[in-house]
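Here are the chains, one letter per residue:
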Amino acid sequence: MKRILLVEPNFPIPAKSKNHCNFLPIGLLKIAAYHRSLGDSVELHRGNFQANKRPDEIKVTSLFTYWSKQVWESVQYYKELYPSTRMEVGGIYASLMPEHAKASGSDDVKTGLYKKGIAEDFEPAYDLVDVDYQIVHGSRGCFRKCNFCGTWKIEPDVTYKKSIKDEIRKRKVVFYDNNLIANPHIKDILSELAEYKFPDQSRVYCESQSGLDGRVLIKDPGIAICLKKARFQHPRIAWDGPYAHWPKIKAQIQVLRDAGFRADDIFIFMLFNHELSYEEMRAKLDACRRWKVRVIDCRFRPLNSTADNYKPNAKSQDEEEYYIHKGWTDRQVRAFRRAVRRQNIALILDLPNGRYIKGVERRYIPT
Ligand code: SF4
């Protein structure tokens, strides 16, 4: 029996969001289940601190490349504490930048899925965290190849499940698929969720961490109806293309509306600080205001960026501190984020024409 120490570095996630479904170290939870099946004991550390007993193996996870500093800190902390214990780093940053991750001092770097086809199939050890939802992968990889996305590099093989019914344990199911509805069996999976009943007759509801592929929705609007029947929450569509694509995005929103989703349920992901200019992004934002759908802004950082010191509340910063795309300025990055936030507030409060009124949130939202 080995003692396995699993480490989630001290990522800059607020304490109250550690267990948010966007940040759960699901890979580590699967590795924990896998090692338990071998008879090993497992300890999960969320941050850096001494283990109960000297571990035989240490496995450190990683997330975005620009959070590499925290990974290095964990590697160095545990290497100093347990110099003879074999250590490996895995996860997203390790898969995208293995050489850089190796330079942290780790003995080994694991790229891609951990023990593909083995640990991957284990039910995550949820007892190590305190969550009221479960995470499911209905597919791996993505058949598209967007230039700003690392999915197709980390998970180059696209695989689809036909069913997830036997995996359902909790009332809330969160899909971690990169392109959920590209799965040719998605309607069957959604029907399983729609029909599933727990012994007390309660039902399942679900959501997806990533956006829905709007082009797939247009091809098969029946998927939107299945999503609604499966009690899918907060559908999000990505609008990464130019403003000229607005008729397509409008049509994708309409497919969701026709299936019964309300406009205030729907979100649009928007990548900014990238190839489209500030002015064009503002035009896209304005279209979302007219359609009364909220926006989730995603600030672009290159896939090989190993640091990001952007401070949302700073008055100004320069490109030494965080990545500013050519054609953008620090002022525009801040102005765009502010405009998104204000527009979302105006839509939540149902202000006339979705137009923000200065200070309105202080009047309506208790702080
Ligand atoms: S569709 Fe989404 S997951 Fe697929 S490559 Fe593009 S951004 Fe990545």
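Please refer to the structure placed before this passage.
Here we summarise the structure given alongside this text. (Residues numbered from 1 in each chain as written. Predicted model: local features only at pLDDT ≥ 70, side-chain atom pairs only at ≥ 80, totals over all residues. Heavy atoms only, no water.)

## Considerations on the packing of aromatic side chains
Thought 1: Following the criterion strictly, the structure yields 16 aromatic pairs and no others.
Thought 2: A centroid spacing of 5.5 Å and a plane angle of 25° characterise the contact between Phe11 and Trp67, whose relative ring orientation is stacked. On the criterion of sequence distance, the pair formed by Phe11 in the loop between β1 (3-8) and α1 (26-37) and Trp67 in the loop between β3 (57-60) and α2 (68-81) is long-range, its members being 56 residues apart.
Thought 3: A relative accessible area of 4% places Phe11 in the buried class.
Thought 4: Grouping aromatic residues by their ring pairs yields a cluster made of Phe11, Phe64, Tyr66 and Trp67.
Thought 5: Against the face of Trp152 rests Lys153, its NZ or CZ located 5.1 Å from the ring centre.
Thought 6: Cation over ring: Lys170 sits above Tyr126, and NZ or CZ is 5.5 Å from the ring centre. (Phe/Tyr/Trp six-rings, centres within 6.5 Å; stacked < 30°, edge-to-face > 60°. Helix = DSSP H or I, 4+ residues; strand = E, 2+ residues; numbered from the N terminus. Buried < 20%, exposed > 50% of the residue type's maximum accessible area, 1.4 Å probe, protein only. Lys NZ or Arg CZ within 6 Å of the ring centre and 35° of its normal.)

## Description of the packing of helix α6 (residues 186-195) against helix α8 (residues 222-229)
The relative placement of two packed helices comes down to the angle between their axes together with the axis-to-axis distance.
Thought 1: Running from N to C, α6 and α8 point in directions that differ by 20°, and their axes come no closer than 8 Å. When the axes of α6 and α8 are compared, the pair comes out roughly parallel. Along this stretch, α6 crosses α8, giving a crossing that reads as left-handed. Each of Ile186, Lys187, Leu190 and Ala194 in α6 lies in contact with α8, whose residues at this interface are Gly222, Ile223, Cys226, Leu227 and Lys229.
Thought 2: Along the lines of polarity and charge, the residues of the contact of α6 with α8 split into six nonpolar, one polar and two charged. (Axes fitted to C-alpha atoms, helices over the stretch in contact; angles between N-to-C directions. Parallel < 35°, antiparallel > 145°, perpendicular 65-115°, else oblique. Left-handed = near helix turned anticlockwise from the far one by under 90°. Contact = heavy atoms within 4.5 Å. Nonpolar A, V, L, I, M, F, W, Y, C, P; charged D, E, K, R; others polar.)

## Focus: the environment of Asp350
Thought 1: With respect to the element layout, Asp350 can be found in the loop between α11 (330-348) and α12 (360-364).
Thought 2: Separated by 86 residues in the primary sequence, Asp350 and Asp264 have C-alpha atoms spaced 9.8 Å apart.

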